[in-house]
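# Understanding the architecture of this molecule
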Amino acid sequence: MPEKKPGLIMCVCTGKCPGFAKMDIWDFINRVRVELPVEYGFIHPQLCEEDGDRFLADFLKAHRKVMIAACAPNMQNKMFRDALAAAGMDLKTDFYPLDIRDLTTEEAFQKVAGALADWEARANG
């Protein structure tokens, strides 16, 4: 059975973060969903809030790889470490945090495309 493709969650920090001012978030997420090898792609308004914690607790599953396109990877590792562990996910192999702030739509798309290729290459050896 082939391994499922990773999913992508975009967190937009309430949609008012100046870091997303140059990006059309809807064009970005639709291009990711349609053009890149992901199982799904969607936008969450603020994963670091309590409802984000509840969402991750309900959504994350063991053996499901997820990329979160949002803020600094070190912040994501700190914020989501417990949720990933509770779901039986490995922080190093099942999760890819990606900072897409201050990028245009095209720059963010290309960064995700490159990260997906990098993640697959690392997984294959």
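Residues numbered from 1 in each chain as written. Predicted model: local features only at pLDDT ≥ 70, side-chain atom pairs only at ≥ 80, totals over all residues. Heavy atoms only, no water.

Glancing now at the overall build of the chain. A count of helical and extended segments in the chain gives four helices and four strands. Traced from its N-terminal end to its C-terminal end, the chain shows the element sequence β-α-β-α-β-α-β-α. Taken over the C-alpha trace, the chain has a radius of gyration of 14 Å; the compact-globule value for 125 residues is 14 Å, and the two agree within 12%. Taken along the three principal axes of its C-alpha coordinates, the chain extends 35 × 30 × 20 Å. Residue pairs in contact within the chain that sit at least 24 positions apart in sequence constitute 71% of those at least 6 positions apart. Only carbon and sulfur atoms are counted for the fraction: they give 53% of the accessible area of the chain, which is about 7,100 Å². Counting 16 positive and 19 negative side-chain charges, the chain places the averaged centre of each group 2 Å from the other. (Helix = DSSP H or I, 4+ residues; strand = E, 2+ residues; numbered from the N terminus. Rg over C-alpha atoms; globule rule 2.2 N^0.38 Å. Contact = heavy atoms within 4.5 Å. Areas by Shrake-Rupley, 256 points an atom, 1.4 Å probe, with all protein chains shown as cover. Lys, Arg positive; Asp, Glu negative; His and termini not counted. Charge placed at Lys NZ, Arg CZ, Asp CG, Glu CD.)

The next point concerns the side chain of Asp94. Inspection of the secondary structure puts Asp94 in the loop between helix H3 (73-86) and strand S4 (95-99). Of the residues examined, Asp94 reaches a relative accessible area of 11% and is grouped as buried. A distance of 2.8 Å separates a polar side-chain atom of Asp94 from the backbone nitrogen of Asp90. Those residues in contact with Asp94, other than ones at most four positions away along the chain, are Arg64, Lys65, Val66, Gly88, Met89 and Trp119. (Buried < 20%, exposed > 50% of the residue type's maximum accessible area, 1.4 Å probe, protein only. Polar contact = N/O pair within 3.5 Å; in protein donor to acceptor, adjacent residues only side chain to side chain.)

This part takes up the sheet that holds strand S1 (residues 7-11). In spatial order, the strands read S2-S1-S3-S4; together these four strands make up an open sheet with parallel pairing. Unpaired on one side and paired on the other, strand S2 (41-44) and S4 mark the two borders of the sheet. Direction aside, the axes of adjacent strands within the sheet are offset by 20 degrees on average. By the bridge criterion, four bridges tie S1 to S2 in an arrangement that is parallel. When the bridges of S2 are listed, Cys11 appears paired with His44. Sheet strands in contact with H3 are strand S3 (66-70) and S4, and its direction is about 150 degrees off that of S4. Docked against the sheet, helix H4 (residues 105-123) engages S1, S3 and S4, running at close to 150 degrees with respect to S4. (Pairing = 2+ DSSP bridges. Axes fitted to C-alpha atoms, helices over the stretch in contact; angles between N-to-C directions.)

Below, the discussion takes up the environment of Asp53. As for its position among the elements, Asp53 is in helix H2 (residues 50-59). Given the relative accessible area of 41%, Asp53 is considered partly exposed. Along the sequence, Asp53 and Ala83 sit 30 residues apart, while their C-alpha atoms lie 7.2 Å from each other.

As a further point, take helix H1 (residues 25-35). Every buried residue belonging to H1 is among Ile25, Phe28, Ile29, Arg31 and Val32, and all of these are buried. The buried residues of H1 occupy an angular sector of 160 degrees when projected down its axis, which confines them to one face. For H1, the exposed residues lying more than 90 degrees away from the buried face are Trp26 and Val34. Where the residues of H1 are buried, they touch S1, S2 and H4. Between the side-chain oxygen of the N-cap and the backbone nitrogen of Trp26 there are 3.0 Å, and the N-cap of H1 in question is Asp24. (Arc of directions from axis to C-beta.)

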